[in-house]
Amino acid sequence: MPISYSPEKKIFSLHTDRSTYQLAVDGFGALLHLYYGARCEGEAEYLLTFADRGFSGNPYAAGDDRTWSYDALPQEFPAWGSGDFRAPCLGVRAADGTAGCALRYREHEILPGKYALPGLPAAYAEDGDEAETLKIELSDERLGLSVTLLYGVLPHCDVITRSVIVQNRGEETLTLGRLQSACLDFVGGDYDLVTFPGRYALERQFDRRELGRGTHAIGSRRGYSSHQYNPFVILCDRDATESAGRVWGMELVWSGGFLAEAERDQLSQTRLSIGMDEVQTAYPLAPGESICAPEVILSYSAAGFERLSHNLHRCLRSRVRRGRYREERTPILLNSWEASYFDFTGESLLTLAEGAAKLGVEMLVMDDGWFGARRDDKSSLGDWTVNEEKLGMPLGELARRVNALGLKFGIWMEPEMISEDSELCRAHPDWVLAVPGQAPVRSRSQLVLDFSREEVREHIFRAICAVLDSANIEYLKWDLNRSIADVYSHAAPDQGRVLYQNMLGVYEVLEKLCARYPDLLIEGCSGGGGRFDAGMLHYCPQIWCSDNTDAIDRLFIQHGTSFGYPAVSVGSHVSICPNHQTGRTTPFETRGAVAAAGTFGYELDPAQLTGEECAAVKEQIAAYKADAALVRDGFYYRLSDPAKDVCCAWVFVAEDGSEARLSAVLREKHANEPAHYIRLRGLTPGARYRARETGRVYSVDALMDAGLPLPLDCREYGSFTLHLERE
Ligand code: DGJ
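This report concerns the structure included in the present document.

This brings us to the overall build of the chain. When helices and strands are counted, the chain shows 13 helices and 39 strands. For 727 residues, the compact-globule formula gives about 27 Å, and the C-alpha radius of gyration of the chain, at 26 Å, lands near that figure. Taking the principal axes of its C-alpha atoms as reference, the chain extends roughly 85 × 70 × 45 Å. Taken over 727 residues, the chain has a buried fraction of 63%. Summarising the internal contacts of the chain: among those between residues at least 6 apart in sequence, 69% fall at separations of at least 24. Carbon and sulfur atoms make up 49% of the accessible area of the chain, which amounts to about 26,100 Å² in all.

In the vicinity of the ligand lie 13 residues, with Asp367, Asp368, Lys477, Asp479 and Asp547 positioned nearest. Within the side chain of Asp367, one N or O atom sits 2.6 Å away from an oxygen atom of the ligand. At 2.4 Å from an oxygen atom of the ligand is found a side-chain nitrogen or oxygen belonging to Asp547. Per-class residue counts for the shell around the ligand are four nonpolar, three polar and six charged.

For Ser575, the position within the fold is in strand E30 (residues 574–575). Look at Ser575 and you get buried, because its relative accessible area is 0%. Side chain to side chain, Ser575 and Thr549 meet in a polar contact 2.8 Å long. If we skip the residues at most four places from it in the chain, Ser575 touches Glu338, Thr549, Arg591, Glu603 and Leu604.

This brings us to the pattern of salt bridges. Note on pairing: side chains with opposite charge can pair once their charged atoms come close. Counted under the stated rule, the structure contains 58 salt bridges. Arg401 is paired through a salt bridge with Glu347; the nearest N and O atoms lie 3.3 Å apart. Taken as a pair, Arg401 in helix H5 (residues 395–404) and Glu347 in helix H3 (residues 346–359) lie far apart in primary sequence, 54 residues in all. Judged by its relative accessible area of 43%, Glu347 falls in the partly exposed class.

On to the sheet that holds strand E1 (residues 3–6). Judged by pairing direction, the sheet is antiparallel, and its four strands sit side by side in the order E1-E2-E3-E4 without closing on themselves. Each having just a single partner strand, E1 and strand E4 (31–38) make up the two edges of the open sheet. Each neighbouring strand pair of the sheet contributes to a mean axis angle of 15 degrees, computed without reference to strand direction. Two strands pair when backbone bridges link them, and strand E3 (residues 19–25) and E4 are joined in this way by seven bridges, in the antiparallel orientation. Counted as the bridge partner of Tyr21 is Tyr36 from E4.

Moving on to the environment of Gln228. For Gln228, the position within the fold is in the loop between strand E13 (214–220) and strand E14 (232–237). Sequence separation of Gln228 and Glu203 is 25 residues, and the distance between their C-alpha atoms is 6.9 Å. Those residues within four positions of Gln228 in sequence are excluded, and the remaining contacts are Phe196, Pro197, Gly198 and Arg222. Within the structure, Gln228 has its side chain in polar contact with the side chain of Arg222 (distance 3.3 Å).

Across all of its chains, the model carries 33 aromatic pairs by this definition. Measuring from centroid to centroid gives 4.7 Å for Phe186 and Trp248, while their planes differ by 75 degrees, and the two rings are edge-to-face. Residue Phe186 is found in strand E10 (residues 174–186), and its partner Trp248 is found in strand E15 (residues 247–253); the two are separated by 62 residues along the sequence. Residue classification places Trp248 among the buried positions, given a relative accessible area of 1%. Ring geometry for Phe532 against Tyr565: centres 5.1 Å apart, planes inclined by 65 degrees, an arrangement best described as edge-to-face. Within this pair, whereas Phe532 is found in the loop between strand E27 (521–524) and helix H9 (534–537), its partner Tyr565 is found in the loop between helix H10 (551–562) and strand E29 (570–571), the two being separated by 33 residues in sequence. Residue Tyr565 is classed as buried on the basis of its relative accessible area, which comes to 1%. Through pairs of rings, three or more aromatic residues link up here, namely Tyr21, Tyr36, Tyr151, Phe186, Tyr191, Trp248 and Tyr300.

Moving on to the side chain of Ser220. Note on placement: Ser220 falls in strand E13. With relative accessibility at 1%, the residue Ser220 sits in the buried group. Beyond its immediate chain neighbours, meaning those up to four positions away, Ser220 contacts Ser225, Ser226, Gly257, Phe258 and Asp277.

In terms of nonpolar packing, the biggest core is built from 194 residues, with Leu90, Leu179 and Tyr602 touching the most fellow members. With ten residues, the top contributor of residues to this core is helix H8 (residues 498–516). Setting aside residues no more than four positions away along its own chain, Tyr602 makes contact with Ile332, Leu333, Leu334, Asn335, Val361, His573, Val574, Phe588, Val617, Gln620 and Ile621. Among the nonpolar cores identified, the runner-up in size contains 27 residues, and Val653, Ile678, Cys714 and Leu722 belong to it.

On to the packing of helix H11 (residues 588–595) against helix H12 (residues 611–633). H12 packs onto H11 with a crossing angle of 20 degrees between their chain directions and a minimal axis gap of 10 Å. Classified by the angle between their axes, H11 and H12 sit roughly parallel to one another. The handedness of the crossing between H11 and H12 comes out as right-handed. When H11 is examined against H12, the residues Phe588, Glu589, Arg591 and Gly592 are found in contact with a partner set consisting of Glu613, Ala616, Val617 and Gln620. Each residue belonging to the contact of H11 with H12 can be placed in one class, and the counts come to three nonpolar, two polar and three charged.

Let's shift gears to the sheet that holds strand E23 (residues 408–413). The strands making up a sheet associate through backbone hydrogen bonding, with each pair oriented either parallel or antiparallel. Spatial strand order, E29-E28-E27-E26-E23-E22-E21-E31-E30: nine strands in an open sheet with parallel pairing. Sheet topology places E29 and E30 at the edges, where each strand pairs with a single neighbour. Bridge analysis of strand E26 (residues 475–478) against E27 gives four bridges, and the strand direction is parallel. Each bridged residue has a counterpart across the sheet, and for Tyr475 the counterpart in E27 is Leu521. Against the sheet, H5 touches strand E22 (363–366) and E23, its axis set at about 140 degrees to E23.

So, about the environment of Leu267. In this fold, Leu267 is placed in the loop between strand E16 (258–264) and strand E17 (270–276). Excluding anything up to four places from it in sequence, Leu267 contacts Arg53 and Ala72.

Cut-offs applied
- Residues numbered from 1 in each chain as written.
- Predicted model: local features only at pLDDT ≥ 70, side-chain atom pairs only at ≥ 80, totals over all residues.
- Heavy atoms only, no water.
- Helix = DSSP H or I, 4+ residues; strand = E, 2+ residues; numbered from the N terminus.
- Rg over C-alpha atoms; globule rule 2.2 N^0.38 Å.
- Buried < 20%, exposed > 50% of the residue type's maximum accessible area, 1.4 Å probe, protein only.
- Contact = heavy atoms within 4.5 Å.
- Areas by Shrake-Rupley, 256 points an atom, 1.4 Å probe, with all protein chains shown as cover.
- Near = heavy atom within 4 Å.
- Polar contact = N/O pair within 3.5 Å; in protein donor to acceptor, adjacent residues only side chain to side chain.
- Nonpolar A, V, L, I, M, F, W, Y, C, P; charged D, E, K, R; others polar.
- Salt bridge = Lys/Arg side-chain N within 4 Å of Asp/Glu carboxyl O.
- Pairing = 2+ DSSP bridges.
- Axes fitted to C-alpha atoms, helices over the stretch in contact; angles between N-to-C directions.
- Phe/Tyr/Trp six-rings, centres within 6.5 Å; stacked < 30°, edge-to-face > 60°.
- Core = buried A, V, L, I, M, F, W, Y, C linked by side-chain atoms within 4.5 Å.
- Parallel < 35°, antiparallel > 145°, perpendicular 65-115°, else oblique.
- Left-handed = near helix turned anticlockwise from the far one by under 90°.

It is worth stressing that arrangement in space is one thing and function is another; only the former is reported here.
Printed below as a string of structure tokens:
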């Protein structure tokens with residue numbers, strides 16, 4: 001069984017196929033963390049060491065034993081005011097402002113299946129046997145506080161999930177000032193911390209740093225997971241590489257603000273924690289009220305970053321994403337944004353669709369600008385009525401005519417936002433998040449709707465349904481184009497809950513849409529990839545990875561994204577050159593190769609393509625369709641680091657090793673330069689592989705050892721693709 005409990009030692013052991021996680025109840029009822037690492041049998045309590053650490057106090061019940069200190073021992077869910085002075089998971093104040101908290105074990109349950117969370121996205125199991133759940137209840141009797149720790153074990157994904165429900169069972173309102181979903185305490189070792197910082201149009205850049213004494217924190221206070229930091233962090237051995245070394249990942253299933261912290265303490269022990277930002281500034285918990293922290297997906301790899309990525313890819317791909325497109329290939333789409341921005345009519349879209357249909361594209365997406373009086377980004381968000389005057393026809397007719405060309409039809413919306421210049425804002429100014437007496441922060445000339453209010457959610461849900469029901473719409477791009485700055489709801493009795501309730505409100509609307517339109521493909525988007533997180537993937541099988549469609553910049557963005565997220569969820573399109581974001585010109589073939597490492601589509605006007613490029617599109621589409629299963633189910637190997645290597649390469653390898661697709665892009669070229677050798681990984685050792693393009697047969701061991709030279713005639717920004725089939 002994945003979860004076991006030893007009553008003599010009071011130790012819980014959680015096993016996945018390749019990892020073990022252990023925690024223990026100590027003699028005073030506190031919960032200690034013991035171990036998270038390679039799968040092992042037996043208990044690891046011997047890892048705990050005891051010494052009188054001056055100025056690290058002891059629980060009163062320990063009497064004269066000065067060696068028992070919660071400031072030094074590894075903790076499972078540390079609370080502020082418990083004698084542990086490191087970064088806590090829980091910070092709670094009683095009504096009189098006191099911050100003391102001593103959580104003690106009350107009871108536990110081991111249940112079949114994987115727990116679900118109220119109103120929150122979470123990983124799931126397909127059937128009862130696939131997962132197990134451990135629930136441990138802790139309490140602080142003085143505060144009347146109950147803390148239920150939840151653990152889900154998905155052995156075959158090599159993943160353990162955690163979450164926590166905090167409930168006030170007392171008689172006075174408590175205030176949460178901090179609630180991390182989980183922490184991992186490491187008793188020894190020297191580690192590097194890997195995070196994925198970025199900015200608009202350059203999201204998720206790989207950032208690795210040595211973790212020194214003190215705390216390194218990243219996060220988002222923006223009300224969404226953000227372009228600037230991603231809610232996914234890795235701790236690894238200093239010498240860990242792609243294929244060697246110990247690596248731990250924490251991935252938050254949450255799309256709001258977050259906080260991730262890594263602390264190396266006085267004894268060189270390390271604590272890594274992650275949770276939402278929304279409660280960090282006084283979240284009120286009234287008597288009887290509870291709050292559920294978002295889930296964290298934990299995974300451990302003893303074989304470097306790539307195995308960690310493979311574990312997470314499998315889990316997100318098939319146990320977080322849902323619906324029809326979990327297994328099915330999503331349609332190859334052409335999006336109108338870079339083709340015409342706001343400047344389109346129904347007829348011009350039909351011209352795009354005609355061009356797209358001739359090339360083999362499967363869906364036309366009408367982006368921003370089809371509703372209300374929207375001519376630019378200054379008005380009409382919230383007015384989700386079709387601008388028939390602009391389109392020159394009803395939406396139903398447009399969709400019908402697009403369908404008649406053999407294409408599916410999709411649309412863009414930004415449901416969480418409101419323009420001041422909109423009928424909705426004029427009718428309901430109090431539906432905007434804005435602090436009374438303080439002018440709100442404008443961003444992209446827009447304000448934020450208050451999704452913490454039921455009537456707002458209901459109105460927007462109905463508005464979306466009215467549009468979806470009016471035409472054959474098979475795809476919805478759900479966008480979000482600003483941060484939340486003014487956190488005030490006109491309907492909230494206490495403003496401390498608003499951000500959390502707002503995020504839950506967004507999830508509620510998405511959930512209702514998924515239930516009502518099971519065949520609808522929702523693509524997440526936030527000014528590109530600003531809300532690329534496991535929470536959104538529960539509702540949106542794919543997310544637009546970045547507004548930056550430049551193939552060279554995308555090498556960096558998709559490289560960083562690949563550490564935590566599967567390629568099948570990465571929205572990526574071929575666009576026109578010079579590229580609209582960077583002005584760079586790259587070969588059409590290279591743009592295709594880079595986009596083919598994701599969902600694949602186009603973001604251009606086919607009328608602007610040369611005859612040669614049109615022929616290339618047809619080939620790219622046929623090739624992508626042929627490789628779709630490889631991209632969806634295959635293992636993705638990063639063969640380079642774009643920040644260091646000018647030859648950027650990656651390979652998708654079928655789970656059974658029978659085939660692979662290698663892609664490489666030369667991002668910098670010098671005259672008379674040495675050959676670049678690409679060393680493959682993941683192929684079946686000892687086997688021989690035939691290259692489909694050349695018929696040449698390779699001994700795989702040499703391919704993985706010495707590598708394959710990138711053809712010397714590859715130009716700057718040129719690319720190279722090779723399909724390998726096992727003989
Ligand atoms: C931001 C998105 O990332 C773009 O693709 C496009 O949909 C615009 N918004 C439309 O306003």
